[in-house]
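Letter by letter, the chains look like this.
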Amino acid sequence: MSAPASPLRLTLASASPRRRELLARLGVTPDAVIAADIDETPHKTELPRDYAQRMAREKALAVEAATVVEGFVLAGDTVVAAGRRILPKAEDEATARRCLELLSGRRHRVLSAIALRAPDGTLRERLSETAVRFKRLSAEEIDSYLAGGEWHGKAGGYAIQGAAEGLVSWLQGSHSGVVGLPLFETRALLKAAGFALG
């Protein structure tokens, strides 16, 4: 009698602890975590939706080429968009301030794309789109948020899973998608690809 086949492994193409925490909510612990090293510069005139999907796809393919773990590769990318404008990941306080001033009192979109490369080379993709509105932010509220440091490295200069959640007056869509990994879409993608979920 032959031994049962070992379950296929999963590599998460992201160094984000938020994505690992969200994946754990589905009962999934990645066998490997490898941050994708790709150029994340938007193409000229590239729309936010297209950019998010391209980033997730390129991350999955880049990590698939770099990993020695046979199995699935899951990648994601989250983009904050004000109209057709792609907001940057805030690496300094001045950028975060500009983002918050732009988003103050207005509705914006958070596009969270995921891509899953299966062992047979099939690439499956899903996109979550969430509408978010901040209250009108006073200068004091912006200063206070920036002082907390949660903005660092975050698309659009904020992390909804922290103090910024108290500034959101309205949200329609996927809260987990705004954090960084839309769980409904991720679960559906994994199940459709035959990855064993509880």
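Here the structure is shown first, and the text comes after it.
One structure accompanies this document, and this report is about it.

Here is what the cut-offs are and how they apply
Residues numbered from 1 in each chain as written. Predicted model: local features only at pLDDT ≥ 70, side-chain atom pairs only at ≥ 80, totals over all residues. Heavy atoms only, no water. 1 Å grid on protein atoms, 1.4 Å probe; cavity = no way out; pocket = protein on both sides within 12 Å on 5 of 7 lines; lining within 4 Å. Points joined across faces, edges and corners; volume = space filled by probe spheres on them. Helix = DSSP H or I, 4+ residues; strand = E, 2+ residues; numbered from the N terminus. Nonpolar A, V, L, I, M, F, W, Y, C, P; charged D, E, K, R; others polar. Buried < 20%, exposed > 50% of the residue type's maximum accessible area, 1.4 Å probe, protein only. Pairing = 2+ DSSP bridges. Contact = heavy atoms within 4.5 Å. Phe/Tyr/Trp six-rings, centres within 6.5 Å; stacked < 30°, edge-to-face > 60°. Axes fitted to C-alpha atoms, helices over the stretch in contact; angles between N-to-C directions. Parallel < 35°, antiparallel > 145°, perpendicular 65-115°, else oblique. Left-handed = near helix turned anticlockwise from the far one by under 90°. Core = buried A, V, L, I, M, F, W, Y, C linked by side-chain atoms within 4.5 Å.

## Details of the layout of surface pockets
Over the atoms, a rolling probe the size of a water molecule traces out where space has been left empty.
Okay, so step 1: In this structure, the largest pocket occupies an estimated 480 Å³ of space.
Okay, so step 2: Taken together, the elements giving at least two residues each to the lining of the largest pocket come down to α1 (17–24), β3 (71–82) and α5 (175–179).
Okay, so step 3: Tallying contributions element by element places β3 first for the lining of the largest pocket, with three residues.
Okay, so step 4: Within the lining of the largest pocket, the residues separate by chemical class into 12 nonpolar, seven polar and seven charged.

## A few points about the pairing of β3
Residues in a regular strand point their side chains to alternate faces of the sheet.
Okay, so step 1: Counting buried residues in β3 gives 12 out of 12 residues, a clear majority hidden from the surface.
Okay, so step 2: The sheet contact formed by strand β1 (residues 9–12) and β3 spans four bridges and is parallel. Note that in β3 the partner of arginine 9 across the bridge is glycine 71.
Okay, so step 3: One ladder, built from nine bridges, connects β3 with strand β5 (residues 107–117); its direction is antiparallel. Each residue of the ladder has a partner; that of valine 79, found in β5, is leucine 111.
Okay, so step 4: Of the pairings in the sheet, the one linking β3 to strand β4 (residues 85–86) comprises two bridges and is antiparallel in character. For alanine 82, the partnering residue across the bridge sits in β4 and is arginine 85.
Okay, so step 5: Between β3 and β4, which follow one another and run antiparallel, lie two residues, and glycine 83 among them has a positive phi close to 65°.

## Observations concerning the environment of valine 80
Okay, so step 1: Within the secondary structure, valine 80 sits in strand β3.
Okay, so step 2: For valine 80, a relative accessible area of 3% puts it in the buried group.
Okay, so step 3: Valine 80 sits 80 residues away from isoleucine 160 along the chain, and the two C-alpha atoms are 12 Å apart.
Okay, so step 4: If near-sequence neighbours (up to four positions away) are discounted, valine 80 is found in contact with Arg85, Ile86, Leu87, Leu103, His108, Arg109, Val110, Ala155, Gly156 and Tyr158.

## As for the packing of aromatic side chains
Okay, so step 1: Applying the stated criterion across every chain, the model contains two aromatic pairs.
Okay, so step 2: Ring centres of phenylalanine 72 and phenylalanine 195 lie 5.4 Å apart, and the angle between their planes is 90°; this geometry places the pair in the edge-to-face category. Separated by 123 residues along the polypeptide, phenylalanine 72 in strand β3 and phenylalanine 195 in the segment after α6 (183–192) bring together distant segments of the chain.
Okay, so step 3: With centroids separated by 4.8 Å and ring planes inclined at 75°, the aromatic side chains of phenylalanine 134 and tyrosine 158 adopt a geometry described as edge-to-face. Taken together, the residues span a long stretch of sequence, with phenylalanine 134 in strand β6 (residues 123–134) and tyrosine 158 in the loop between α4 (139–148) and β7 (168–172) at a distance of 24 residues. Take phenylalanine 134 and tyrosine 158: they sit in the same class, and that class is buried.

## Quick notes on the packing of helix α3 (residues 93–103) against α4
Okay, so step 1: Remark: α3 packs on α4, axes separated minimally by 11 Å, with the N-to-C direction vectors making an angle of 140°. Relative to α4, α3 is oriented oblique. Between α3 and α4 the crossing geometry is right-handed. Contacts between α3 and α4 involve Glu93, Ala96, Arg97, Leu100 and Glu101 on the former and, on the latter, Ile142, Asp143, Tyr145 and Leu146.

## Describing the nonpolar core
Okay, so step 1: Core analysis: the biggest nonpolar cluster contains 43 residues, and Leu10, Leu23, Leu116 and Tyr158 have the highest contact counts within it.
Okay, so step 2: The contact partners of leucine 23, leaving out residues within four places of it in the chain, are Leu10, Leu12, Val28, Pro30, Leu74, Leu181 and Thr186.
Okay, so step 3: Listed in part, the 17 residues of the second largest apolar core include Ala13, Ala36, Ala52 and Leu111.

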